[in-house]
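Observations on the model geometry
Take a look at the letters that make up each chain.
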Amino acid sequence: MDIITILKNTKKELSRKVLTSIIIQGLMLVIPVYWANAINKATDLDYNKSFKLVIITLLLSLLYYLWSYFNQKAWYDYYNKLYLEYTNIVTQAKVDDITLGEYTNIINNDIDIIGTFIGNAVTRIIQIFEFFVIYMYFLKVDFYIFLITLIVSIFMVIIILYFGSKIEIQNKNRKDNLDYKTINIHNIYDILKNKQKVKDNSFIKSTINYLESNAKFNLFVNAMIFLVLSFIELCRYGIIIYAIYQVSNNNMEIGTVLLIYSYYAKILTNFEVLGTINAEYQSVKVSIKRLNKIKTNQAIV
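Residues numbered from 1 in each chain as written. Predicted model: local features only at pLDDT ≥ 70, side-chain atom pairs only at ≥ 80, totals over all residues. Heavy atoms only, no water.

The next point concerns the overall build of the chain. Summing up its helical and strand segments, the chain has eight helices and zero strands in all. Counted from the first residue to the last, the chain has its helices and strands arranged as α-α-α-α-α-α-α-α. Against the 2.2 N^0.38 benchmark of 19 Å for 301 residues, the chain shows a C-alpha radius of gyration of 25 Å, more extended than a compact globule. By residue count, 42% of the 301 residues in the chain fall in the buried class. Sequence-distant contacts, at least 24 apart, represent 83% of the contacts inside the chain between residues at least 6 apart. (Helix = DSSP H or I, 4+ residues; strand = E, 2+ residues; numbered from the N terminus. Rg over C-alpha atoms; globule rule 2.2 N^0.38 Å. Buried < 20%, exposed > 50% of the residue type's maximum accessible area, 1.4 Å probe, protein only. Contact = heavy atoms within 4.5 Å.)

This part is about the packing of helix H6 (residues 164-193) against helix H8 (residues 254-291). Interaxial distance between H6 and H8 falls to 9 Å at its minimum, and their mutual angle equals 50°. When the axes of H6 and H8 are compared, the pair comes out oblique. The chirality of how H6 crosses H8 is right-handed. Residues Gly164, Ile167, Glu168, Asn171, Lys172, Arg174, Lys175 and Asp179 of H6 lie in contact with H8, whose contacting residues are Asn278, Ala279, Gln282, Ser283, Lys285, Val286, Ser287, Lys289 and Arg290. Here the residues of the contact of H6 with H8 sort into three nonpolar, six polar and eight charged. (Axes fitted to C-alpha atoms, helices over the stretch in contact; angles between N-to-C directions. Parallel < 35°, antiparallel > 145°, perpendicular 65-115°, else oblique. Left-handed = near helix turned anticlockwise from the far one by under 90°. Nonpolar A, V, L, I, M, F, W, Y, C, P; charged D, E, K, R; others polar.)

Another aspect to go through is the pattern of salt bridges. If you walk through the whole model with that rule in mind, you get three salt bridges. The partner of Asp77 in a salt bridge is Lys73, with the nearest N and O atoms 3.3 Å apart. Taken together, the positions of Asp77 and Lys73, both in helix H3 (residues 47-90) and four residues apart, correspond to about one turn of that helix. The exposure class assigned to Asp77 is partly exposed, which follows from its relative accessible area of 27%. One salt bridge connects Arg236 with Glu233, and the closest N-O pair in it is separated by 2.5 Å. Residue Arg236 and its partner Glu233 are both found in helix H7 (residues 202-248); the two are separated by three residues, about one turn of the helix. (Salt bridge = Lys/Arg side-chain N within 4 Å of Asp/Glu carboxyl O.)

Averaged over every residue, the pLDDT of the chain is 83; the share at 70 or more is 93%. For the chain, per-element mean pLDDT is lowest for helix H1 (residues 3-9), which scores 73, and highest for helix H5 (residues 143-162), which scores 90. (pLDDT = per-residue confidence, 0-100.)

Another aspect to go through is the environment of Tyr144. Summarising the element assignment, Tyr144 is placed in helix H5. For Tyr144, a relative accessible area of 53% puts it in the exposed group. Through-space distance from the C-alpha of Tyr144 to that of Tyr242 is 9.6 Å; in sequence the pair is 98 residues apart.

All right, on to the side chain of Gln170 then. Among the structural elements, Gln170 can be located in helix H6. Residue contacts for Gln170: discarding those within four places in its chain leaves Lys216, Phe217 and Phe220.

Grouped together as the largest cluster of nonpolar side chains are 38 residues, with contacts concentrated most on Phe138, Val228, Ile232, Ile260, Tyr264, Ile267 and Phe271. Elements with a minimum of two residues in this core: helix H2 (11-43), helix H4 (100-141), H5, H7 and H8. Contact partners of Ile260, with chain neighbours within four places excluded, come to Tyr137, Phe138, Val141, Ile145, Ile239, Ile240, Ala243 and Met252. Core analysis: the next-biggest nonpolar cluster, separate from the first, contains 13 residues, Ile6, Leu82, Val90 and Ile118 among them. (Core = buried A, V, L, I, M, F, W, Y, C linked by side-chain atoms within 4.5 Å.)

Moving on: unusual backbone geometry. The residue Leu45 is not glycine, and still its phi comes out positive at about 65°. Turning to its location among the elements, Leu45 is positioned in the loop between H2 and H3. One non-glycine residue, Asn250, lies in the positive phi region at around 60°. For Asn250, a relative accessible area of 71% translates into the label exposed.

Turning our eyes to something else, we now look at the packing of H7 against H8. At a minimum axis separation of 10 Å, H7 and H8 run at an interaxial angle of 165°. The orientation of H7 with respect to H8, classified from their angle, is roughly antiparallel. H7 and H8 meet at a crossing whose hand is right-handed. For the contact of H7 with H8, the per-class residue count stands at 23 nonpolar, three polar and three charged.

So, on to the environment of Tyr83. Along the chain, Tyr83 falls in helix H3. For Tyr83 and Leu7, which are 76 residues apart along the polypeptide, the C-alpha to C-alpha distance reads 12 Å. Beyond its immediate chain neighbours, meaning those up to four positions away, Tyr83 contacts Ile107, Ile111 and Asp112.

Once that is clear, we can look at the environment of Gln282. Within the secondary structure, Gln282 sits in helix H8. Along the chain, Gln282 and Ser165 lie 117 residues apart, while their C-alpha atoms are 7.7 Å from each other. Those residues in contact with Gln282 that sit more than four places away from it in its chain are Gly164, Ile167, Glu168 and Asn171.

Here it is, written out as structure tokens:
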């Protein structure tokens, strides 16, 4: 059963996830626009329109939280369906060429990793489209803001892609150490069940190796993400200073500056997502390789 077949089997849950994701991501783009316009109207002393825009902003914000709940429910429905699809395959497989530790971690971890990645992919794709909406707005407001944002964004994407292969290597090492640790857990259980004493410290060593590799993997991923976000943060405040300068020359409104700041917050969030996607993708690649070691009558992915 390939990924296309699995997606067909989960199309009802997928469609709900797509719908709710589009609505909440759209609201996140629209709400700052109304808020910025409310500030502009207040600045122009048009307080009646400003109050109305604030009320609209409040109502849209409440709708956002309502649809966020629906989106969360749709995510779990979709994830659960995906998880069961993969579990049905793995529980009918031949396990001649894998260890008990590998099989245990495939059931407990790898299916969860793949299901989470596919489940989150819908929101991730929509968040990537948000980049284009924001960039087009920046182009409309000021060409230099658009150009600087675009150049910095491309440079950050290159950094994320550069670290991808290094993340995959560290993740594979983490997975191997987890397999070895799991094997030792089963061995200790057998020893204790037979009312014997554990004579060596192989389990402690395997646990230490796993903890060290797990910490190294996560710290490496976070360092990469923080590096990218730091560059974007510098870019954001540089652009805000430029925008304030434009306001001082009556070339821009205060509400526009607030909207630029809000949209840069979205860019920061989306780049954090891109960094997470990169780490998740490298993790998924390892999980897929492990899944494909199981002999089934059909391709798993």
